Amino acid sequence: LSPDEDGICSGRYFSESGLVGLLEQAAELFSTGGLYETVNEVYKIVIPILEAHRDFRKLTLTHSKLQKAFDSIINKKRMFGTYFRVGFYGSKFGDLDEQEFVYKEPAITKLPEISHRLEGFYGQCFGEDAVEVIKDSAPVDKRKLDPNKAYIQITFVEPYFDEYEMKDRVTHFEKNFNICRFMYTTPFTMDGRPRGELSEQYKRNTILTTMHAFPYIKTRINVIQREEFILTPIEVAIEDMRKKTQELTAATNQEPPDAKMLQMVLQGSVGATVNQGPLEVAQVFLAEIPADPKLYRHHNKLRLCFKEFIMR
């Protein structure tokens, strides 16, 4: 092993037996962390070395560990983490001012938990009255901020993948491993309100790219790129209908079947009491052919979404 730029190997060179020992330790750590798929990748390097040395005792042990890892993949339900975008604003932060990070938190961490923790930590640094958490995910206008305060904006984000990536990211593990792009959405209307009628509801999708991929040796990574996309009301409706169809598909194909989950998804999809549900979407956007030719394509997309939804 040649030493890498961080000097992790400290310039030492290991024999094959030493390398096998290190890799076995790595496999144990991956297994403890619930990353069972990576255990298989590590042993792909180890097994040819053991075979070359005819070390059948260790091969037996290795294959038993692999069997245990594969059993865990099949039978264990895993939660890999929750992600938040944290932005710092104010001269009190020094170099952190206007910096954005993505934080990886333990599974099922709620927004109030990380918010309370960061507010408490920086409150000790600058004083409780000097720290304020920005509650929404709208773009921050620094001109409206108090220069004597430190502001923290915390937003829940989800891993984001392009459509072509989803072909290779099939399993729950693949959707939570080696990820560096995250997305959050901000609803808004043209008159400044966050929420409005279906016909005036816009949405801003913000995609963040981090310097390194998660999981990483640190639990927060700098954001190095930001992209924003504005969705018009009909595009928001298309996205919502696709999401409902995906939920319905997942609920009907679940193994073993879960009648309670299916009941909840169905009720949320077609219940008469649901405001702004599929029925209202159809009445608002599909009642008439749009006058603007630019909307024909979106109109047709939404019709196809309803066709798929009804089939499901």
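Residues numbered from 1 in each chain as written. Predicted model: local features only at pLDDT ≥ 70, side-chain atom pairs only at ≥ 80, totals over all residues. Heavy atoms only, no water.

A. Expanded view of the packing of aromatic side chains. Under the definition given, this model contains 14 aromatic pairs. Relative to phenylalanine 214, the ring of tyrosine 83 lies with its centre 5.4 Å away and its plane at 55 degrees, an arrangement referred to as tilted. Here phenylalanine 214 lies in strand β6 (residues 202–214) and tyrosine 83 lies in strand β1 (residues 82–89), a separation of 131 residues in the sequence. As far as the burial class goes, tyrosine 83 and phenylalanine 214 line up, both buried. Where phenylalanine 88 meets phenylalanine 93, the ring centres are 5.0 Å apart and the plane angle is 65 degrees; that geometry is what we call edge-to-face. With respect to burial, phenylalanine 88 and phenylalanine 93 carry one shared label: buried. An aromatic cluster of three or more residues is present, and its members are Phe88, Phe93, Phe101, Phe121, Tyr122 and Phe126. Lying over the aromatic face of phenylalanine 188, arginine 204 brings its terminal NZ or CZ to 4.7 Å of the ring centre. The residue whose ring lies beneath arginine 220 is phenylalanine 101, and the NZ or CZ to ring-centre distance is 4.1 Å. (Phe/Tyr/Trp six-rings, centres within 6.5 Å; stacked < 30°, edge-to-face > 60°. Helix = DSSP H or I, 4+ residues; strand = E, 2+ residues; numbered from the N terminus. Buried < 20%, exposed > 50% of the residue type's maximum accessible area, 1.4 Å probe, protein only. Lys NZ or Arg CZ within 6 Å of the ring centre and 35° of its normal.)

B. Focus on helix α9 (residues 296–311). Between its first and last C-alpha atoms α9 spans 23 Å; for 16 residues at 1.5 Å apiece the expected length is 22 Å, and the two agree. Those residues of α9 not exposed but buried are His298, His299, Leu302, Cys305, Phe306 and Phe309. One face of α9 carries all of its buried residues, which in axial projection span an arc of 115 degrees. Turned more than 90 degrees from where α9 packs its buried face, Arg297, Lys307 and Met311 sit exposed. Contacts from the buried residues of α9 go to α6 (233–253), α7 (259–270) and α8 (278–285). (Expected span 1.5 Å × (residues − 1). Arc of directions from axis to C-beta. Contact = heavy atoms within 4.5 Å.)

C. Broad picture of the pattern of salt bridges. Enumeration over the complete set of coordinates arrives at 20 salt bridges. Look at the salt bridges and you will find they share partners, linking Arg85, Glu100, Arg204, Arg226 and Glu228 into a network. (Salt bridge = Lys/Arg side-chain N within 4 Å of Asp/Glu carboxyl O.)

D. Quick look at the packing of α8 against α9. Following both chains from N to C, one finds α8 and α9 inclined at 150 degrees, their axes separated by 11 Å at the closest point. The pairing of α8 with α9 is recorded here as roughly antiparallel in orientation. As α8 packs across α9, the resulting crossing turns out to be left-handed. Of α9, the residues touching α8 (which contributes Pro278, Val281, Ala282 and Phe285) are His299, Leu302, Phe306 and Phe309. A per-class count over the contact of α8 with α9 returns 7 nonpolar, 1 polar and no charged. (Axes fitted to C-alpha atoms, helices over the stretch in contact; angles between N-to-C directions. Parallel < 35°, antiparallel > 145°, perpendicular 65-115°, else oblique. Left-handed = near helix turned anticlockwise from the far one by under 90°. Nonpolar A, V, L, I, M, F, W, Y, C, P; charged D, E, K, R; others polar.)

E. Inspection of the nonpolar core at higher detail. Residues Val86, Phe88, Leu118, Tyr122, Ile152 and Ile154 are the most contacted members of the largest nonpolar core, which totals 15 residues. Put simply, the parts of the chain that give this core at least two residues each are β1, β2 (100–105), α4 (111–126), β3 (131–134) and β4 (150–159). (Core = buried A, V, L, I, M, F, W, Y, C linked by side-chain atoms within 4.5 Å.)

F. Local environment of the pairing of strand β5 (residues 179–188). In this structure, β4 lies alongside β5, joined through 2 bridges in antiparallel fashion. Along β5, the bridge assignment pairs glutamate 158 with methionine 183. As defined by bridge partners, β5 adjoins β6 across 9 bridges and the pair is classed as antiparallel. Across the sheet, proline 187 pairs through a bridge with lysine 203, a residue of β6. (Pairing = 2+ DSSP bridges.)

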